[in-house]
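Here's the letter readout for the chains.
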Amino acid sequence: MTALVTPAPHGRSGRRVLRARVEARAAKWGRRAGTVAVTALLLVPFLPILLWAFADRWPYPELAPTVWGVGGWLTATAQGAWPALTRSLLLGLTVSAIATPLGAMAGRALARGRVPYGKMVTALLLAPVAVPPFAVTMGLTTVALRLGVPGVVALVAVLVVAAVPYTTYIMRAAYAGYDEGFEETARTLGAGSRHVLLRVHLPLVAPALAAAAFLAFLVGWSDYVVTLLIGAGRIVSLPLLLGASASASGNDPTIAVLALLATIPPVLLLTAVTVLSRRRTQR
Amino acid sequence: MNRRTASSRRAALLVLPALLPTVLVLGAGLGAAVIQSLGLLPLVGKPELSSAAYRALVVDDVLTGLGVSVAIAAASTSLALLVGATAAVLVQRSRIGGLAAVAAAVVPIPHLVGAATVGLLLADSGLVARLVGAQPGTFPALVGGPWWVAVVLELAWKESAFVAVVVLSSLATTERDLDEAAAGLGAGPWQRLRRVTLPLAAPALVVSGTISFAYVVGSYEVAWLLGRTYPEPLAVLAFRLFSDTDLTMRPQALAVAVLTVAVAAGALVAGAALLRRVAVLR
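Looking at an unreviewed UniProt entry, one finds chain B named ABC transmembrane type-1 domain-containing protein and attributed to Promicromonospora umidemergens. Taken directly from UniProt, the Sequence similarities (unreviewed entry) text for chain B runs: "Belongs to the binding-protein-dependent transport system permease family."

The name given to chain A in an unreviewed UniProt entry is ABC transporter permease subunit, and the organism recorded there is Promicromonospora umidemergens.

### As for the overall build of chain A
The helix and strand inventory of chain A stands at 13 helices and two strands. Taking 2.2 N^0.38 as the reference for a compact globule, 283 residues should give roughly 19 Å; the C-alpha atoms of chain A span a radius of gyration of 26 Å, well beyond that estimate. Based on the C-alpha atoms only, the size of chain A along its principal axes is roughly 85 × 70 × 35 Å. The burial tally for chain A puts 42% of its 283 residues in the buried class. Put simply, 74% of the contacts in chain A that link residues at least 6 apart link residues at least 24 apart.

### A word on the overall build of chain B
Secondary structure assignment for chain B yields 11 helices and zero strands. Listing every helix and strand of chain B by position from the N terminus yields α-α-α-α-α-α-α-α-α-α-α. A principal-axis box enclosing the C-alpha atoms of chain B has dimensions of 80 × 75 × 30 Å. Residues classed as buried in chain B amount to 49% of the 282 residues present.

### What about the UniProt feature "domain: ABC transmembrane type-1" (unreviewed entry) in chain B?
UniProt marks residues 66-271 of chain B with the feature "domain: ABC transmembrane type-1" (unreviewed entry), using the numbering shown here. Structurally, residues 66-271 of chain B is divided into 76% helix and 0% strand, and its ends, taken at the C-alpha atoms, are 19 Å apart.

### What to know about the interface of chain B and chain A
With 79 residues of chain B in contact, the opposing surface of chain A contributes 74 residues. Examining the composition of the side of chain B that touches chain A, we find that 21 residues originate from one element, helix H1 (residues 2-37) of chain B, more than from any other.

### A word on the domain arrangement of chain A
You can read the domains of chain A as domain 1 (13-38) and domain 2 (81-282). Its C-alpha centre places domain 1 of chain A at a distance of 44 Å from the equivalent point of domain 2 of chain A.

### Some details on the UniProt feature "transmembrane region" (unreviewed entry) in chain B
The UniProt entry lists residues 66-91, 98-123, 200-218 and 253-275 of chain B under the feature "transmembrane region" (unreviewed entry), expressed in the numbering used here. Within residues 66-91 of chain B, the helical portion is 100% and the strand portion 0%, while the C-alpha atoms at the span's ends are 37 Å from each other.

### Description of the domain arrangement of chain B
Residue and element names in this part refer to chain B. Split into domains, chain B comes out as domain 1 (1-37) and domain 2 (49-281). For domain 1 and domain 2, the distance between their C-alpha centres works out to 31 Å. Taken together, the contact between domain 1 and domain 2 spans five residues of the former and eight residues of the latter. A class-by-class count of the residues in the side of domain 1 that touches domain 2 yields three nonpolar, two polar and no charged.

What counts, and at which threshold
- Residues numbered from 1 in each chain as written.
- Chains lettered and ligands numbered in written order.
- Predicted model: local features only at pLDDT ≥ 70, side-chain atom pairs only at ≥ 80, totals over all residues.
- UniProt positions renumbered as here; feature names shortened; annotations may be inferred.
- Helix = DSSP H or I, 4+ residues; strand = E, 2+ residues; numbered from the N terminus.
- Rg over C-alpha atoms; globule rule 2.2 N^0.38 Å.
- Buried ≥ 20, exposed ≤ 12 C-beta atoms within 10 Å, placed from the backbone.
- Contact = placed C-beta atoms within 7 Å.
- Domains from an automatic or database assignment.
- Nonpolar A, V, L, I, M, F, W, Y, C, P; charged D, E, K, R; others polar.

Spelled out as structure tokens, the structure:
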């Protein structure tokens, strides 16, 4: 195409054209090299856990494990990795199940702009992003202890509050672009309020709901410091097991297995959320 | 008029289920932290208003801890902004796919996992030491060493992916159209980057940079796993004082926690001010 339009470069203007072409080509190769380099940079930290998770023996200067195996998986299982994984899943799902509807309701009200003192309410709901969870928890444990609030309740409460900024923000953005005309049309056509909610409203905001639920799940799934402070070692989630393993020395395969177990569910869920929203937009 | 009050009452009711727990948890948590740091809610002994915990901290290592925390946050956030912005621009410009998906996949990985794997990568018997063929005992102390290298790199890794995702979602198709228009008008690649892409990305860079800075200041596990035992950043210092068997250390622990909140909140206020200036420039 370019060969057809641009004449063969010669003379002074020809040199300029040539220079521009060389520059454009250099920029193109620079972008390619940059993309490969940055992608590799982001992927490198995955390498040690993938290798160590299946290494039974890997003495120092060796570049690859000398004996492959599943020793790390057996040790991790003996340490209670699977019950811990279940606990973490439950924690993530609970936080998500509470924080997502709270964020959806608040997001809808805020998007319509009829909330009294709307700016202050928004600031308050987003405030937990600015407040380190360990500080809140350190203050809260004493209060919860005096009031006799069970640890699990306090734990879920802190994590839900930490997740609300994300769910509210996402749902507010989703409802800002939401056309209520669809609901009205359905109502004029005789749909009841339940029908409107299930068949019109929820399908329209489903991708945003999925993204909000995913982020809220992550808050519960990834938490380390709040569980440690409130549970005082009695609530053993997967990150707690990983933290204990990683702070001791000499059990690299176990660390890698626990780290891998903590990586897989979020990546799977991310894939599911991406596929869901892509299918929506294609329709 | 009546209908309006009714609809705003309905809106208030919709907001309340999220607002109530937020205000309760933040209020009770931070309130109790301040009260305890002032010695008014001791676990042992009589309550007595005093600033002893704060005064003890000034003499103690809190200023060093503050410096370490801010330095780690500044270093890791700067690196994250650089790498994240580069990644976002490359995704916008390059035909090679995959980078956007990789960045999106790094975001949901727990920081603790990152700390564990960076430890396996950069420790003196780690993968990098093996790759460069370091003799035992000669590899620099990246983990637990004086420059917090492993801590900063882990935080920068995770946060750069976060920056990339935020910047990408803000650039989207607008930037591509404007970039093509600028190219059509004869602007070179560098000129387009400086005059089109960076101004469009600036608000997203400020927002993601601010959130990442505040997060790092308040984060515990990465510095605890990959850092050195002395001096400690604020969160690690607070945690050690809090779990001390000597319960009279509690007020000091909570004083450090309150200070950490002040630094993180200060960063957010500064970020908001910066965002207004950047938005005006647009």
